[in-house]
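# Observations on chain architecture
Below are the chains, spelled out letter by letter.
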Amino acid sequence: MNRKISSLFFAFLFVFISTLASAQHESEGEKVAEKVEQKEAKDGFNATKMIMEHIGDSNEWHLWTTKDENGEEHHTSIPLPVIIKDNTGWHTFLSSAIAHGHEHDGYTLEDGQVVSIKGIEKATLFSIISGKQKSNEVFFDLSITKNTASMFLSVIFMLVLFIGMARGYKKSQLPRGFGKIMEPVIVFIRDEVAIPNIGSVKYKRYMPYLLTAFFFIWFNNLFGLVPFFPGGSNLTGNIAITAVLAVITLLITLFSANKDYWKHIFMPPVPILLYPIMVPIEIIGIFTKPFALMMRLFANITAGHIMILAIISLIFIFKSPFLGFASVPLALFVSVLELLVAALQAYIFTVLSALFIGIAVAEHEHGHEEHAH
């Protein structure tokens, strides 16, 4: 109890100090950012824009950019389907129809994102829930973006891989081909993650989700490190993807929870006078756990992409080829390190999911309580 109260106190203290620090240095930060923007505009290379375009989502899959003799840029991209619903109906076309300043059905592409030239804004989750914007003032973008296409590709890859493994096991109990590599990983997740955290009795029920989450995150982390098609997307660095994974873990935890779990939430083992404090803390803890899952995966994967791109950008910012002798080896080292991070983050997400589920389904002994009565 004291540990939870002290943790909450330090959390509020950290937020308070951070607010004061940000308020104190806000003007200095704005000046530094302004100088950086002026230097980038002068040099003709905007590192911030380049990095944000690479880690962000878009309605086209950009491959490369070339320049002709006149200095004009020519972009080569894979067009993706654009699906829009507005007050005039449905609009479906390829992103190539609105790329490079072209317009189609009142829409165009700016920085890889679909925007309206009719004065209506894109609907967001907040605008839908709050109801502040009417349906005739927004458009709903249901397009297949780069992250969505990358997710489909990874799902197809996983289906082909594991269905092939399953067919191989039907013919022979010995693993074949890629199954020789995957079987030790699956056994490791079972013996070192699922059974220790959930228990030897109930772990089988949750193995499909734990294995799916692990391999989905791991494979997409690896695909994101590939600098060319079909890699290069920042799928697991998209907070929407990590949020969905965290919500699935939350739902599985809540629907699997037994009466002991809920009793601990609403009737914690503390004096009744502390219930007004401890019960809200326990309820908040239900949601902070998946929130930590979401932010940990999102922040670590995005930070890795930003670090690699920032190191490479130094060559173009300072316009010195000699800087490549330092930047390229350093970027290569970080990329190799990200291979470890890719597996580590998938493992951490799976372990914590198994831990949260295990806490919810754990059976507590009540024999000593009945004996006391």
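All figures in this text were calculated on a predicted structure; none of them were measured in a lab. (Residues numbered from 1 in each chain as written. Predicted model: local features only at pLDDT ≥ 70, side-chain atom pairs only at ≥ 80, totals over all residues. Heavy atoms only, no water.)

Attention now moves to the overall build of the chain. The helix and strand inventory of the chain stands at 12 helices and 8 strands. The burial tally for the chain puts 35% of its 373 residues in the buried class. A total of about 23200 Å² of accessible surface is found on the chain, and carbon and sulfur atoms cover 68% of it. (Helix = DSSP H or I, 4+ residues; strand = E, 2+ residues; numbered from the N terminus. Buried < 20%, exposed > 50% of the residue type's maximum accessible area, 1.4 Å probe, protein only. Areas by Shrake-Rupley, 256 points an atom, 1.4 Å probe, with all protein chains shown as cover.)

Viewed as axis vectors pointing N to C, helix H6 (residues 179–198) and helix H11 (residues 324–361) meet at an angle of 30°, and their least axial separation amounts to 7 Å. Classified by the angle their axes make, H6 and H11 are roughly parallel. Where H6 crosses over H11, the handedness of that crossing is right-handed. Residues Phe188, Ile189, Val193, Asn197 and Ile198 of H6 pack against Tyr347, Thr350, Val351, Ala354, Leu355, Ile357, Gly358 and Val361 of H11. When its residues are assigned to classes, the contact of H6 with H11 shows 10 nonpolar, 3 polar and no charged. (Axes fitted to C-alpha atoms, helices over the stretch in contact; angles between N-to-C directions. Parallel < 35°, antiparallel > 145°, perpendicular 65-115°, else oblique. Left-handed = near helix turned anticlockwise from the far one by under 90°. Contact = heavy atoms within 4.5 Å. Nonpolar A, V, L, I, M, F, W, Y, C, P; charged D, E, K, R; others polar.)

A word on a positive patch on the surface. A cluster of basic residues, Arg167, Lys170, Lys171 and Arg176, forms a positive patch at the surface. By secondary structure assignment, the location of Arg176 is in the loop between helix H5 (146–171) and H6. The exposure class of Arg176 is exposed, given its relative accessible area of 53%. (Patch = residues over 30% accessible without salt bridge, like charges linked within 9 Å, V, L, I, M, F, W, Y side chains within 5 Å. Salt bridge = Lys/Arg side-chain N within 4 Å of Asp/Glu carboxyl O. Lys, Arg positive; Asp, Glu negative; His and termini not counted. Charge placed at Lys NZ, Arg CZ, Asp CG, Glu CD.)

Our focus in this paragraph is the nonpolar core. By size, the foremost hydrophobic cluster in this structure holds 39 residues, and its most contacted members are Ile198, Phe215, Trp218 and Phe349. Mapped onto this core, the elements with two or more residues apiece are H5, H6, helix H7 (203–225), helix H8 (239–256), helix H10 (275–318) and H11. Residue contributions to this core peak at 13 residues, all from H7. Core analysis: the next-biggest nonpolar cluster, separate from the first, contains 10 residues, Tyr107, Leu109, Ile120 and Phe139 among them. (Core = buried A, V, L, I, M, F, W, Y, C linked by side-chain atoms within 4.5 Å.)

Below, the discussion takes up the side chain of Gln345. Among the secondary structure elements, Gln345 is positioned in helix H11. When its relative accessible area of 6% is taken as the criterion, Gln345 is described as buried. Excluding residues within four positions of it along the chain, Gln345 makes contact with Asn221, Arg296, Leu297, Asn300 and Ile301.

This next bit is on the sheet that holds strand S4 (residues 89–94). Ordered in space as S4-S3-S8-S7, the 4 strands form an open sheet in which the pairing is mixed. The sheet is open, and its two edges are formed by S4 and strand S7 (121–122), each paired on a single side. For strand S3 (residues 81–86) and strand S8 (residues 138–141), the ladder comprises 2 bridges, and the chain directions are antiparallel. Along S8, the bridge assignment pairs Ile84 with Asp141. (Pairing = 2+ DSSP bridges.)

Time to look at unusual backbone geometry. Despite not being glycine, His100 has its phi angle at roughly 60°, a positive value. Among the structural elements, His100 can be located in the loop between S4 and strand S5 (107–110). A positive phi angle, close to 55°, is found at Asp105, a residue other than glycine. Mapping Asp105 onto the fold places it in the loop between S4 and S5.

This part takes up the packing of helix H9 (residues 259–266) against H10. Two elements in contact, H9 and H10, have axes whose closest approach is 7 Å; the angle formed by their N-to-C orientations is 130°. If you check the angle between H9 and H10, you find them oblique. Residue-level inspection shows Tyr261, Trp262, His264, Ile265 and Phe266 of H9 in contact with H10, the latter providing Tyr275, Val279, Glu282, Ile283 and Ile286. Here the residues of the contact of H9 with H10 are counted per class, giving 8 nonpolar, 1 polar and 1 charged.

Moving on, we get to a nonpolar patch on the surface. On the surface, Leu63, Trp64, Leu153 and Phe229 cluster together into a nonpolar patch covering about 370 Å² of accessible area. Residue position: Leu63 is located in strand S1 (residues 60–67). Leu63 gets classed as partly exposed once you look at its relative accessible area, which sits at 31%.

The UniProt feature table records "transmembrane region" (unreviewed entry) at residues 149–166, 209–229, 235–257, 269–287, 293–318 and 330–361. For residues 209–229, the helix share is 81%, the strand share is 0%, and the end-to-end C-alpha distance is 28 Å. Measuring from the first to the last C-alpha atom of residues 269–287 gives 20 Å, for a span that is 68% helix and 0% strand. (UniProt positions renumbered as here; feature names shortened; annotations may be inferred.)

Evaluated as defined, the whole model comprises 13 aromatic pairs. Where Phe214 meets Trp218, the ring centres are 5.6 Å apart and the plane angle is 45°; that geometry is what we call tilted. Here the residue Phe214 and the residue Trp218 both occupy positions in helix H7, the gap between them amounting to 4 residues, near one helical turn. Classification of Trp218 as buried rests on a relative accessible area of 18%. On the basis of an interplanar angle of 25° and a centroid distance of 6.3 Å, the ring pair of Trp262 and Phe266 is categorised as stacked. Here the residue Trp262 and the residue Phe266 both occupy positions in helix H9, the gap between them amounting to 4 residues, near one helical turn. Given a relative accessible area of 30%, Trp262 falls into the partly exposed group. Taken together, the aromatic side chains of Phe157, Phe162, Phe214, Phe215, Trp218, Phe219 and Phe223 make up a single cluster linked through ring pairs. (Phe/Tyr/Trp six-rings, centres within 6.5 Å; stacked < 30°, edge-to-face > 60°.)

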